[in-house]
Amino acid sequence: MDYDWLIIGSGFGGSTSALRLTEKGYKVGVVEVGKRYEDKDFAESTWQLSRYLWAPYIGLRGIFRLFPFKDVLVASGAGVGGGSIVYANTLYRAKQQFFENPQWSDLADWRSELDEPYSTAERMLGVNTVPFESPGDLLLQDFAAARGVEETFTRTPVGVYFGAPGETVPDPYFDGEGPDRTGCTRCGACMVGCRVGAKNTLLKNYLWFAEKAGAEILPELRVTDIKPAGAADGSDGYHVRVVSPGLFEGRGRTISAKAVVISAGALGSNHLLANCKHSGSLARISDQLGRLVRTNSESILAVTLPDDSRKLWNSVAISSSIHTDQDTHIEVVTYGQKGDVLSLLFTLLTGPGSRWTRVFSLLRNVLRHPLNFAKTLWPFGWSRRTIVLLVMQSLDNAIGFRAKPRWFSNKVRLSTEQNAQMPNPTYIDVGNKAAEWIAEKTGGVPQSILVEAAANIPTTAHILGGVAIGCDAEHGVVDQDQRLFGYENLLVCDGSVMPANPGVNPSLTITAMTERAMAKIPAKGSSAK
C-alpha cells in the first residue's frame, strides 16, 4: 500500500485528520484538487480571475468556486487548505438546536461530547475576538437597536493574528514551532486570499504540523473512484483513482491505502460517493446518501453606499453579528478594496415571490429605480463602498441531492430538490429589512443576489449534510464516529456529515467533529478498537 491513510481533501476535516493520523504514527497522504498557494501568490484583485476563480475546464485555478443548482447556488473554496484559504475566518460554536436535532440527538450528548474537541480546535485555529470596532459594526449595531435586539450584538470570534499591523514575528501560537506570522493590516481581503500572512489558514496550523510530521500533500489531483482492494467491505484496503482536474484529465493513476478519509467538502464528498455507489465501486453505501442536505438556511444581501468615506473595507471579512430572534443570525461582511468582481452576482433588492413571479418583481424594481439599477451595473469601486449581509438560520430546513446518470458515461451528476416536509427558504424577510434599513440610513442601494431575485434561488457559502450521521444505514450514511456504514476503515470528515443547520459559520464545528472522530482511531500498532 502507498499509504496507511489517504485523505481526500485538505479543508478543515482533511487537515485535522492529517495531523492527528500522522501523530498516531501512520503514513498519510493528502489529495487536493486545487493548487497550492503561498500567501504572496493570492490574487491582488478579484479581477485576476486565474488566481481567484476555480474553473479548471477553462484554465482558471483560483480559490473561489460557484456551483449552480436548481434550488441553491453554492459557493466554496479550492486549494491546499480547502475552505480556510477563502473563508471569512469566523469560528463560532454551533447553536443549541444543532446538538438537539432528532437526526442524531439519541446517539450522544453532543454538546458535552464536542466540548473538549471544540476547545482543542479553538486553540489550534487561534480563535480570538475581533479587538476593534469597524464602520460596518456601527451600522449593524444601529440596526440591532432599531429592532430592539441591541444586547445580541457581538464581535466575532475569528482565526486571525492581531499583532502589530504588518509586523512579522516568530510563531506566537505554538511556542515557536509554527510558521512566522504577520499582524493583520485590516485590509478586509480575507476572502480574496490573505497576502499579509495574518489569517490562520490551515497551512499555518494543522497542515503545517502534519507536513512536519511526515504527511505528503498531493495537490492538483481529482479523485474519481474509490474501490476496495480485496474484501468487499474494504478491510483489505482501497484503490483510489486520481486524474488531473480540467478539460484534459490525462490517463490518471491509482493510489492504494489501507484506509481512507473522505474530506472533499459537502458537495465534493456527496458527488464522489454518489459516483462510487452508482458505478458499483462502493455499492453498499446507504440509500440515505444525499437525502438530508442543509444550506444553513442562508440569504446574502448587500448595500452599496454613495462613496467610500466610511471605509467599510477597513476590517476583517466578518467583524460582528446580531441575532434578530433565536433562530436568525446576521453578520456584516466585507471583501476589502479589491473584491469588485463579486458585484456581478448582485442586482436590485427584490421581495418575496415564486420562481415565476419574482423575476417580474425585479423587473418592476428596475423600471421604478432605473438610476439605482444602473449603479448596480458599474462594478468598479463596488467592494470599497459595499457592506454585505450574511443571514443564517438554525431552522430545520433541507434540500436533497439526486444522482442522475451522465450521457455516455457510468458517472453521475448531482441535481437538487426541495425537501417536501421542510423546504429550504428562498427569502428571509428580516434580511431584506436589514438591507433596506441600512440603505435608507446611508443613502445606499440595497441589493439581492441575482439568482435569488430573478429565479428565487438562494445562495449559500455553507452547504452541509447529505452524508448525515445516523443510528444505522436506514437513517444515515455514517455512524456517530463518522465511519461509512457497510465499510471498514472508511471515514467521512467534513461538513457533509453534519445532520442539522448549525445556524452559524460551520468551520469550527467541522474541525471539532473531526477531532472527536480522530480520537477514536488507535495509534499505529495498537490492538485497540
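A brief report on the enclosed structure follows. (Residues numbered from 1 in each chain as written. Predicted model: local features only at pLDDT ≥ 70, side-chain atom pairs only at ≥ 80, totals over all residues. Heavy atoms only, no water.)

### Some details on the overall build of the chain
Stated formally: The secondary structure listing takes helices from DSSP runs of H or I that are at least 4 residues long and strands from runs of E that are at least 2 residues long, numbered from the N terminus. Just to be clear, the radius of gyration here is over C-alpha atoms, and the globule rule we use is 2.2 Å times residues to the power 0.38. Only protein chains enter the calculation, and the probe is 1.4 Å; a residue is then buried if its accessible area is under 20% of its type maximum, exposed if over 50%, and partly exposed in between. The contact criterion used throughout is that any non-hydrogen atoms of two residues lie within 4.5 Å. Note on areas: Shrake-Rupley with a 1.4 Å probe; residue coverage comes only from the protein chains shown. Two residue types count as positive, namely Lys and Arg, and two as negative, namely Asp and Glu; His and chain ends fall outside the count. Note that the charge is assigned to NZ on lysines, CZ on arginines, CG on aspartates and CD on glutamates.
On a plain count of helices and strands, the chain comes out with 13 helices and 27 strands. Expected size for 529 residues packed as a compact globule is a radius of gyration near 24 Å; at 22 Å, the chain falls within 12% of this value. When its C-alpha atoms are laid out on the principal axes, the chain stretches across 65 × 55 × 50 Å. Split into buried and exposed, the 529 residues of the chain put 59% on the buried side. Contacts in the chain between residues far apart in sequence, at least 24 positions, make up 73% of those at least 6 positions apart. For the chain, the exposed surface amounts to about 20,400 Å²; the carbon and sulfur share of it is 52%. Charged side chains of the chain number 54 positive and 54 negative; the gap between the two group centres comes to 7 Å.

### What to know about the sheet that holds strand β24 (residues 445–449)
Heads up, the rule is: Strand pairing requires that DSSP identify at least two bridges connecting the strands. An axis is simply a line fitted to the C-alpha atoms; with a helix, the fit covers only the stretch in contact. Between two such axes, the angle follows the N-to-C directions and lies from 0 to 180 degrees.
The seven strands are arranged β8-β18-β19-β21-β17-β24-β20 in an open sheet whose pairing can be described as antiparallel. Lying at the two open borders of the sheet, with one neighbouring strand each, are β8 (154–155) and β20 (346–348). Inspection of the sheet shows strand β17 (residues 299–304) paired to strand β21 (residues 386–393) by six bridges, in the antiparallel sense. By the bridge assignment, leucine 301 is partnered in β21 with leucine 389. The strands touched by helix α5 (residues 135–147) are β18 (318–325), β19 (328–333) and β21; relative to β18, the strand with the most contacts, the crossing angle is about 10 degrees. Taken strand by strand, helix α11 (residues 429–442) contacts β17, β18, β19, β21 and β24, and its axis lies near 5 degrees from that of β17.

### Comments concerning the sheet that holds strand β6 (residues 73–77)
The mixed open sheet is built from three strands, whose spatial order is β5-β6-β25. The sheet is open, and its two borders are formed by β5 (64–68) and β25 (459–460), each paired with just one other strand. Examined bridge by bridge, β6 and β25 share two bridges and lie parallel to one another. Paired with leucine 73 across the two strands is threonine 459, which belongs to β25.

### Here we look at the packing of helix α1 (residues 12–23) against helix α13 (residues 507–519)
So the rule is basically this: Convention used here: angles under 35 degrees read as roughly parallel, angles over 145 as roughly antiparallel, angles from 65 to 115 as roughly perpendicular, and any remaining angle as oblique. In this scheme the handedness of a crossing depends on how the near helix is turned from the far one: anticlockwise by less than a right angle means left-handed, clockwise means right-handed. In the scheme used here, Gly and all other residues not listed as nonpolar or charged are polar, with Ala, Val, Leu, Ile, Met, Phe, Trp, Tyr, Cys and Pro taken as nonpolar and Asp, Glu, Lys and Arg as charged.
Packing of α1 against α13 brings their axes to within 9 Å, and their N-to-C directions diverge by 30 degrees. Classified by the angle their axes make, α1 and α13 are roughly parallel. Crossing geometry of α1 relative to α13 is assigned as right-handed. Seen from α1, the contacting residues are Phe12, Gly13, Thr16, Ser17, Arg20 and Leu21; seen from α13, they are Ser507, Ile510, Thr511, Thr514, Glu515 and Met518. Class assignment for the residues of the contact of α1 with α13 results in four nonpolar, six polar and two charged.

### Some remarks on α5
Heads up, the condition is: A helix's residues, less one, multiplied by 1.5 Å, set its expected span.
Its 13 residues place the ends of α5 19 Å apart at the C-alpha level, agreeing with the 18 Å of an ideal helix rising 1.5 Å per residue. Taken as a whole, α5 has its buried residues at Pro135, Gly136, Asp137, Leu139, Leu140, Phe143 and Ala144. Those residues of α5 that are buried lie in contact with β18, β19, β21 and α11. Taken from the residues just after α5, glycine 148 is the one with a positive phi, measuring 80 degrees.

### What about the pairing of strand β2 (residues 28–32)?
With respect to burial, β2 is a largely interior element, five of its five residues being buried. With burial as the criterion, each face of β2 is covered, one bearing Val28, Val30 and Glu32 and the other bearing Gly29 and Val31. Summarising the sheet, strand β1 (residues 3–8) and β2 pair through four bridges and their orientation is parallel. By the bridge assignment for β2, isoleucine 8 is matched with valine 31.

### Focus: the side chain of asparagine 89
The topology assignment puts asparagine 89 in the loop between β6 and α3 (96–99). By relative accessible area, which is 0% here, asparagine 89 ends up buried. The contact partners of asparagine 89, leaving out residues within four places of it in the chain, are Pro157, Val158, Gly159, Val160, Cys190, Lys199, Val316 and Ala317.

### Overview of unusual backbone geometry
Within the chain, arginine 186 stands out as a residue other than glycine whose phi angle is a positive 60 degrees. Here arginine 186 lies in the loop between β11 (181–182) and α6 (206–212). The class for arginine 186 is partly exposed, based on a relative accessible area of 22%. Its identity is not glycine, yet lysine 311 carries a phi of approximately 55 degrees, on the positive side. Tracing the backbone through its elements, the reader meets lysine 311 in the loop between β17 and β18.

### Notes on the environment of proline 172
The topology assignment puts proline 172 in the loop between β10 (168–169) and β11. The partly exposed category is assigned to proline 172, whose relative accessible area is 40%. Along the primary structure proline 172 and isoleucine 8 are separated by 164 residues, whereas in three dimensions their C-alpha atoms are 30 Å apart. Excluding residues within four positions of it along the chain, proline 172 makes contact with Tyr161 and Arg181.

### Description of the environment of valine 31
Along the polypeptide, valine 31 turns up in strand β2. In this structure valine 31 comes out as buried when scored by relative accessible area, which is 2%. Spatially, the C-alpha atom of valine 31 lies 32 Å from that of serine 394, the residues being 363 residues apart in sequence. Ignoring sequence-local partners within four residues, the contact set of valine 31 consists of Leu6, Ile7, Ile8, Gly9, Ser10, Leu218, Leu221, Val223, Val242 and Ile255.

### Points about the packing of aromatic side chains
Where we set the bar: When the centres of two rings from Phe, Tyr and Trp lie within 6.5 Å, Trp using its six-membered ring, the rings pair. Their planes under 30 degrees apart give stacked, over 60 give edge-to-face, and anything left gives tilted. Only lysine NZ and arginine CZ atoms are considered, and such an atom sits over a ring when it is within 6 Å of the ring centre and within 35 degrees of the ring normal.
In the structure shown here, the tally under the stated rule is 17 aromatic pairs. Geometrically, the ring pair formed by phenylalanine 12 and tyrosine 87 is edge-to-face, given 5.1 Å between the ring centres and 70 degrees between the ring planes. In this pair, phenylalanine 12 sits in helix α1 while tyrosine 87 sits in the loop between β6 and α3, placing the two residues 75 residues apart along the sequence. Comparing phenylalanine 12 with tyrosine 87, the two get one shared label, buried. Seen from their ring centres, tyrosine 37 and phenylalanine 42 are 5.6 Å apart, and the 10 degrees between their planes marks the pair as stacked. Pair check on accessibility: tyrosine 37 and phenylalanine 42 agree, each one buried. Cluster of aromatic residues (ring-pair linked, three or more members): Phe98, Phe99, Trp104, Trp110 and Tyr118. Here lysine 27 stacks its cationic end above the ring of tyrosine 3, 5.4 Å away from the centre of that ring. One Lys or Arg, arginine 186, reaches over the ring of phenylalanine 132 and ends 3.8 Å from the middle of that ring.

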